[in-house]
Amino acid sequence: MTISTELLQRFDVPGPRYTSYPTADRFVEAFGESQYQEALMQRGHSARAHAFPLSVYVHIPFCASLCYYCACHKIITRQYDRALSYLDALKQEISLLAPFLGEGNKVSQLHLGGGTPTYLRDDELRSLMSSLGQLFDWQEGGEYSIEVDPRTVDADRLALLKDLGFNRLSLGVQDFDPAVQKAVHREQSFEQVQGLLANADNLGFSSVNLDLIYGLPKQTLSSWRQTMQRIAQLRPQRIALYAYAHLPARFKPQRHILAEDIPTASMKTDMLTMALTALQEEGYVYIGMDHFALPDDALAIAKRQGRLHRNFQGYTTQPDCDLIGLGVSSIGNIGTSYQQNVKSLADYQDTLAQGRLPVERGVALTRDDVLRRHVIMAIMCQGRVSFESVELSYLIDFKQYFRAELHQLQAMQQQGLVELNDAELIVSADGWFVVRAIAMVFDRYLQHDQHRTRFSKII
């Protein structure tokens, strides 16, 4: 797996990550609490509720300190009382959902994200999981993960997380070089992370993911090589390798970063190539976009078997199930609709105090949306679209319906990124590097949108 400078330059454009379709920027405020309630009631009366377990996402927005590169929805505070009142609001949201979801809500996937979920103290984590357990039934063999700031946990806290039912961890590392860590205001030692991975292995966690970012301030090819060598020492089951997107106009914390400290585009290309080579040599499987996994990890197995799926938690082994989003700014997916909670902590708490679900916006999918979502997710997850399968599912003539899109893909076929024949579309090995660009061809909204700078770069 290699990536050429020419390919990077050709696709050095913004594009969606397609954790949903339509993408979140298409959500509208006309979709609110009543529409969400209706979607929940429709689910309760459908066979889908019994056939597929749920996925649950809980957003914990608090952090004790600011990481300058971060573009997540977060609240920096050392006033722990704010977290306590937030947990009260979360429990209220759970209780308001209970009448619509009913009993016996099987769940095969849970993810606590942030912010920093491990900002919460032990008793609060226990209390939160107890409240969730009253509404949801955790299934054997499910994926139950939590994002961890290595600076906020030790062996005892990892043991607590295991006892609470978590079987997967995601650690934010980003880079091991001290100069880079100082430049982004996130300092943690290699030894600290190494110790946590050893403890996680001893405790029996199924998988540990490490987040890495290339293109950060003060990074050099030499320092990045050393970081990759240390990753080889740690050998986590999964790796998420992201490119830093410098958007200080949108994300205020990034204004602490000096533009002159950021590696050039050509250096970023070299860093990515270096990482790809190093991960290949260590035997990692390229899942797609930013994700890698060891061959025996469930994610790599799902990729080989064509069972890969994608939702707001990224690539997953779980089937195409409904997603309940809890907490400020969280996004959910029920049937053919998406919903997002309010982004303001005050609005979130005030709305729940009034006994209302805190939905701020969302979208009900049209028939065309559902069809295009199917095609886009097939590209993103399987790298293959069977024309006949789509035709049978949606009663269309694929080549006629997507005539303009197939014509647009001919240029990508000539570039060796896709293969088009009478029966299917297949993403090539090179095409996987720019799979978002291939999926974008089928995005009806994006094709008519001239303002794409709100998205991150494809590579």
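Residues numbered from 1 in each chain as written. Predicted model: local features only at pLDDT ≥ 70, side-chain atom pairs only at ≥ 80, totals over all residues. Heavy atoms only, no water.

Along the chain, the position of Tyr 69 falls in the loop between β2 (62-63) and β3 (75-76). Using a relative accessible area of 11% as the deciding quantity, one classes Tyr 69 as buried. In this structure, the C-alpha to C-alpha distance between Tyr 69 and Arg 186, residues 117 residues apart in sequence, is 9.5 Å. Apart from the residues within four sequence positions on either side, Tyr 69 is in contact with Gln 174, Val 184, Arg 186, Ile 213, Leu 216, Tyr 244, Gln 254 and Ile 257. (Helix = DSSP H or I, 4+ residues; strand = E, 2+ residues; numbered from the N terminus. Buried < 20%, exposed > 50% of the residue type's maximum accessible area, 1.4 Å probe, protein only. Contact = heavy atoms within 4.5 Å.)

All right, on to the packing of helix α8 (residues 190-203) against helix α9 (residues 221-234) then. If you want to describe how two helices pack, look at the angle between their axes and the distance between the axes. As a packed pair, α8 and α9 sit with axes 11 Å apart at the nearest point and diverge in direction by 20 degrees. By the angle class used here, α8 and α9 are roughly parallel. As for the relative orientation of α8 and α9, their crossing is right-handed in sense. For the pair formed by α8 and α9, the contact residues are Phe 190, Val 193, Gln 194 and Leu 197 on the first element and Arg 230, Gln 233 and Leu 234 on the second. Looking at side-chain class alone, the contact of α8 with α9 contains 4 nonpolar, 2 polar and 1 charged residues. (Axes fitted to C-alpha atoms, helices over the stretch in contact; angles between N-to-C directions. Parallel < 35°, antiparallel > 145°, perpendicular 65-115°, else oblique. Left-handed = near helix turned anticlockwise from the far one by under 90°. Nonpolar A, V, L, I, M, F, W, Y, C, P; charged D, E, K, R; others polar.)

Strand order across the open sheet formed by 3 strands is β17-β19-β18, with antiparallel pairing between neighbours. Only two strands of the sheet have a single partner each, and these edge strands are β17 (384-386) and β18 (418-420). Averaged over all pairs of adjacent strands, the angle between strand axes in this sheet comes to 10 degrees, irrespective of strand direction. Across 3 bridges, β18 lies against strand β19 (residues 424-427) in antiparallel orientation. Residue pairing for β19: Leu 420 is matched across the bridge by Leu 425. Running at roughly 55 degrees to β17, helix α14 (residues 387-394) makes contact with β17 and β19 of the sheet. Strands β18 and β19 of the sheet are contacted by helix α16 (residues 403-414), whose axis makes an angle of about 125 degrees with β18. (Pairing = 2+ DSSP bridges.)

Geometric values such as these leave the question of function open.
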